[in-house]
Amino acid sequence: MKKFSITIAGGGSTFTPGIVLMLLKHLDRFPIRQIKFYDNLEERQARIASACEILLKERAPDILFTATTDPETAFTDVDFVMAHIRVGLYAMREKDEKIPLKYGVVGQETCGPGGIAYGMRSIGGVLELIDYMEKYSPNAWMLNYSNPAAIVAEATRKLRPKAKIINICDMPVGIEERMAQAIGLASRKEMVVRYYGLNHFGWWTDIRDTEGNDLMPKIQEYVSQFGYALPSESQESQQTDASWKHTFMKAKEVYDIDPTTLPNTYLKYYFYPQDEVAHTNPEFTRANEVMIGREKQVFNECDRITNSGSAENTILEIDEHASYIVDLARAIAYNTHERMLLIVPNNGAIENFDESAMVEIPCIVGSNGPEPLIQGKIPRFQKGLMEQQVAVEKLVVEAWEERSYQKLWQALTLSKIVPNAKVAKDLLDDLVSVNQEYWPELK
Ligand code: NAD
Ligand code: G6P
Ligand code: MN
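Keep in mind that this is a model prediction, so the values were computed, not measured. (Residues numbered from 1 in each chain as written. Chains lettered and ligands numbered in written order. Predicted model: local features only at pLDDT ≥ 70, side-chain atom pairs only at ≥ 80, totals over all residues. Heavy atoms only, no water.)

Caption draft 1: Here's a closer look at the coordination of the manganese ion (ligand 3). Binding of the manganese ion (ligand 3) to the protein goes through Cys 169 (SG) and His 200 (NE2), at separations of 2.2 to 2.3 Å. On the criterion of sequence distance, the pair formed by Cys 169 in the loop between strand 6 (165-167) and helix 7 (171-182) and His 200 in the loop between strand 7 (191-198) and strand 8 (201-209) is long-range, its members being 31 residues apart. Note on Cys 169: relative accessible area 8%, which makes it buried. (Donors = N, O, S within 2.8 Å, 3.2 Å for Na, K, Ca; no water. Helix = DSSP H or I, 4+ residues; strand = E, 2+ residues; numbered from the N terminus. Buried < 20%, exposed > 50% of the residue type's maximum accessible area, 1.4 Å probe, protein only.)

Right under this line is the structure:
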């Protein structure tokens, strides 16, 4: 059996140890001969890498391991690049969230002004990774979940149309896992779904068990009462951060707007922005929650492993949601024809929607990549929302490409989350001033 060589780009990510553990768990299905970490910040990556090196030596000593900031070393002799970079780090996520809040506007990692600002930073970073991959391993595939995935996917479609990149998101599978638990199934893999939308902006229209029985009514009944919150995560339980608990409960109100479908959680930012602003502390946003939570925990634990020289009793956890990256890599490597939700060019799959839009829909995945499944015509409500949102995403990519202040102002003005053109302009000027190191200079 062929053994694969993997590069994790964004080696210093808080998610890297979880991905490594997940890859180790699935070695029998997806054998690996080499793992390389690549990052452009040596010190940050080194803390994660030295712990992962110990962990790999203990659990899979045959796997070669390298951590590097040199693109040639990182991208040569690679089958898959798993990319999760955050251009600007958490310090910039914090600004993306806090600046809009000054104007009473939702501040969020991927939605609205925060997502637009992050998109303007991410595009160049992800294109650079593609160029390195194409230069040093032209046959490799990039499985990318660097955010904001909607904008990044549009940029890669438009600016690197031939690239072997697949953009993915773990939110739908995360929600599906919750749906499965809510109705007593062992796993989301017992469900076959139809879904359409943009990334972080979509709806399930059909969910069946493997025998074809309709599961929608049962799941909808549950969501109409509890959203996607699970009984195991009471307010007191510590497992899920408070802001995510709120999100899963809020899905009930998002569902109410169209009870014929089931919504992605991220729609709450577009439908109930005032509630979001009201319960957010403008001095302590999700970025702060992650910096004192996941980021601290992962880095402290990695340091502990390095200092003690052993990962035996580590609290680092497998990133279960990310197991679908292995499914995706296997689908390409072994032509499995697995059915998966991916972000792909529409090309008529959503019949009455922009052909050139990057949409999130079920695809059959084989060694030539994803083959999208037709989702047919969508209703006026979803179509109207998606037309507006896809125009925002496309304007951001045009703004980046043309260095256009005007188009970025239009993108912000068009965003459903931004109340008017004046606020859009004030926001834009603030965002320009803090992003000078990362955005192209706008004309
Ligand atoms: P993080 O800040 O902990 O890690 C990101 C790493 O990327 C850092 O080590 C940073 O130095 C590195 N980096 C930044 N710019 C780079 C560049 N140009 N080249 C190489 N490396 C670069 O972030 P995180 O919280 O672990 O998240 C990582 C990414 O994964 C984010 O974009 C996040 O939004 C995304 N993510 C996406 C999904 C999804 O559903 N698509 C799910 C989880 C996380
Ligand atoms: C989900 C989304 C990702 C997003 C993440 C944020 O997994 O699909 O796109 O990056 O949530 O989580 P965080 O814990 O960083 O707020
Ligand atoms: Mn996502």
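Caption draft 2: Region of the structure containing the UniProt feature "active site" (unreviewed entry) in the protein. What UniProt calls "active site" (unreviewed entry) maps, in this numbering, to Asp 170 and Tyr 266. The annotated residues occupy 97 residues of the chain but converge on a single region, no pair of C-alpha atoms lying more than 12.3 Å apart. Along the chain, Asp 170 falls in the loop between strand 6 and helix 7. What makes Asp 170 partly exposed here is its relative accessible area of 27%. (UniProt positions renumbered as here; feature names shortened; annotations may be inferred.)

Caption draft 3: Looking closely at the site of ligand 2. Taken together, the residues surrounding ligand 2 are Arg 93, Glu 109, Asn 147, Cys 169, Asp 170, Met 171, His 200, Trp 244, Tyr 266, Arg 286 and Arg 294. Separating an oxygen atom of ligand 2 from a side-chain N or O atom of Arg 93 is a distance of 2.8 Å. With respect to ligand 2, the side chain of Arg 294 contributes an N or O atom lying 2.8 Å from an oxygen atom. Burial of ligand 2 by the protein amounts to 86% of the accessible area it has alone, namely 390 Å². No fewer than three residues from each of domain 1 (2-167 + 287-370) and domain 2 (170-278) sit in the shell around ligand 2. (Near = heavy atom within 4 Å. Polar contact = N/O pair within 3.5 Å; in protein donor to acceptor, adjacent residues only side chain to side chain. Areas by Shrake-Rupley, 256 points an atom, 1.4 Å probe, with all protein chains shown as cover. Domains from an automatic or database assignment.)

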